[in-house]
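Remarks on the overall topology
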Amino acid sequence: MKPYTIEIHNDGLLVFTINRPEKRNAINYEVMAGLEEALLLAADDQVKMFVVTGAHDQAFCSGGDLSSFHHLKTEEEAYTMLNRMSNLLVSLLFLPKPTVALLNGTAVGGGCELASSCDFRIARTDVKAGFIQGTLNITTGWGGGTILSEKLLPADAMKMLMEARLFDTVDLMEMGFLQSTFSGDPIENCRKFLNRMLVLEVEVLKAYKQLYINKWKYTGVQERIEQEVRNCSVLWQGEAHHRQVAKFLNK
Ligand SMILES: CC[C@H](C(=O)O)C(=O)SCCNC(=O)CCNC(=O)[C@H](O)C(C)(C)COP(=O)(O)OP(=O)(O)OC[C@H]1O[C@@H](n2cnc3c(N)ncnc32)[C@H](O)[C@@H]1OP(=O)(O)O
């Protein structure tokens, strides 16, 4: 079974689906390669919107695949993986088209970083989400902390990062992490959320998105993300982190 699918619909929606439900849609190197492929396809002007979601209904994304990445022990080994995914999240952030994280299920850790890189986050009403990296004795390592600081008010962003716990959709809406919630079919509700934007020409959508890309480039988002990735790499090599990961994998 392919670990991801890419569908380009007639109305201009490109839907990237992480297809590893047995691992709660954890991201490994194959999923990263799929995201790279989808972002290249999204450059075509037949694509108006980029949607990222997860297969089945239990998880949107559970972050980095701990069984794939737990062998990364040193700062440099961690940095190589973290840097590759953070470059992908920067490409997603800078994609000159509207992007949507369609939360079909739980989003934790790097899954929240992936969601933060999108312009909009919409979730099924029973979904929970949280930057739980702190419980693994690391910080966000894919740039999601920096990107979150561009999307939420400081106190709300710091609350999400520093409490390192799962929040329900009431709290997530209140903090501004979510823009909308829904019941029922995720793609159908995603189209409902996007229906006004989908009628506009892609040039208009691209021009508005460029306003924010310019701001993020001007305020040095990429340099701040590089520092965030470096900080996580240092924490990653610590015994406390490796112990927590081993505890999860041996549960
Ligand atoms: C790489 C760094 C990155 C970053 O921020 O930079 C990160 O993402 S660090 C954070 C990494 N993610 C996690 O620590 C989340 C771990 N998973 C969970 O907390 C739970 O699985 C949860 C809440 C997502 C879902 O809980 P649920 O009870 O529904 O499922 P299970 O825990 O029983 O898991 C089912 C099955 O999936 C495997 N699994 C889940 N998440 C991961 C993961 N991130 N990596 C690898 N495997 C994962 C879990 O081991 C179970 O497998 P099984 O073989 O059935 O035991």
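Residues numbered from 1 in each chain as written. Predicted model: local features only at pLDDT ≥ 70, side-chain atom pairs only at ≥ 80, totals over all residues. Heavy atoms only, no water.

**A look at the packing of helix α5 (residues 144-151) against helix α10 (residues 221-236)**
In helix packing, the relevant descriptors are the interaxial angle and the interaxial distance, both defined with respect to the helix axes. Packing of α5 against α10 leaves a shortest axis separation of 8 Å and a crossing angle of 140 degrees. By the angle between their directions, the pair α5 and α10 is classed as oblique. Together, Gly144, Gly145, Thr146, Ile147, Ser149 and Glu150 of α5 and Val221, Arg224, Ile225 and Glu228 of α10 make up the contact between the two elements. Residue classes in the contact of α5 with α10 are distributed as 3 nonpolar, 4 polar and 3 charged. (Axes fitted to C-alpha atoms, helices over the stretch in contact; angles between N-to-C directions. Helix = DSSP H or I, 4+ residues; strand = E, 2+ residues; numbered from the N terminus. Parallel < 35°, antiparallel > 145°, perpendicular 65-115°, else oblique. Contact = heavy atoms within 4.5 Å. Nonpolar A, V, L, I, M, F, W, Y, C, P; charged D, E, K, R; others polar.)

**Details of a nonpolar patch on the surface**
A grouping of Val199, Leu200, Val204, Tyr208, Leu211 and Tyr212 is seen on the molecular surface, where their side chains present a nonpolar patch of about 610 Å² in accessible area. Within the secondary structure layout, Leu211 lies in helix α9 (residues 202-218). With relative accessibility at 52%, the residue Leu211 sits in the exposed group. (Patch = residues over 30% accessible without salt bridge, like charges linked within 9 Å, V, L, I, M, F, W, Y side chains within 5 Å. Areas by Shrake-Rupley, 256 points an atom, 1.4 Å probe, with all protein chains shown as cover. Salt bridge = Lys/Arg side-chain N within 4 Å of Asp/Glu carboxyl O. Buried < 20%, exposed > 50% of the residue type's maximum accessible area, 1.4 Å probe, protein only.)

**A few points about the site of the ligand**
Taken together, 24 residues surround the ligand, and among them Ser62, Gly64, Gly110, Glu113 and Gln133 come closest. Separating an oxygen atom of the ligand from a backbone N or O atom of Gly141 is a distance of 3.0 Å. A total of 1000 Å² of accessible area belongs to the ligand in isolation, and the protein chains cover 73% of it. When residues of the shell around the ligand are traced back to their parent elements, those giving at least two are α2 (66-69), α3 (75-93) and α4 (110-116). Looking at side-chain class alone, the shell around the ligand contains 10 nonpolar, 8 polar and 6 charged residues. (Near = heavy atom within 4 Å. Polar contact = N/O pair within 3.5 Å; in protein donor to acceptor, adjacent residues only side chain to side chain.)

**Quick notes on the packing of aromatic side chains**
Here the structure, examined in full by the defined rule, presents 5 aromatic pairs. Pairing Tyr29 with Phe69 gives two aromatic rings, centres 5.2 Å apart and planes at 70 degrees, and the pair type is edge-to-face. Linking Tyr29 in helix α1 (residues 29-41) with Phe69 in helix α2, this pair joins segments that are 40 residues apart in sequence. What makes Tyr29 partly exposed here is its relative accessible area of 34%. Here Phe120 and Phe193 contribute two aromatic rings whose centre-to-centre distance is 5.4 Å and whose plane-to-plane angle is 70 degrees, an arrangement assigned as edge-to-face. One end of the pair, Phe120, is in strand β7 (residues 120-124); the other, Phe193, is in helix α8 (residues 186-198), and 73 residues separate them in sequence. Looking at Phe193, the relative accessible area reads 24%, which means it is partly exposed. The cationic tip of Arg121 hangs over the ring face of Phe177; the distance from NZ or CZ to the ring centre is 5.2 Å. (Phe/Tyr/Trp six-rings, centres within 6.5 Å; stacked < 30°, edge-to-face > 60°. Lys NZ or Arg CZ within 6 Å of the ring centre and 35° of its normal.)

**With respect to the packing of α5 against helix α6 (residues 154-163)**
Across the interface, α5 lies against α6 with an axial gap of 8 Å and an inter-helix angle of 150 degrees. For the element pair α5 / α6, the angle class is roughly antiparallel. Our pair here, α5 against α6, has a crossing hand that is right-handed. Across the interface between the two elements, Gly145, Leu148 and Ser149 of α5 pack against Ala157, Met160 and Leu161 of α6. Of the residues contributing to the contact of α5 with α6, the split by class is 4 nonpolar, 2 polar and no charged. (Left-handed = near helix turned anticlockwise from the far one by under 90°.)

**Re the pattern of salt bridges**
Considering all chains together, one arrives at 14 salt bridges under this definition. A salt bridge links Lys206 to Asp45, with the nearest nitrogen and oxygen atoms 3.2 Å apart. Of this pair, Lys206 sits in helix α9 while Asp45 is found in the loop between α1 and β3 (49-54), placing the two residues 161 residues apart along the sequence. With a closest N to O distance of 2.6 Å, Glu163 and Arg165 form a salt bridge. Taking relative accessible area as the criterion, Arg165 reaches 33% and is therefore assigned partly exposed. Each of Glu75, Glu76, Glu226 and Arg230 takes part in salt bridges that share partners, so that together they form one network.

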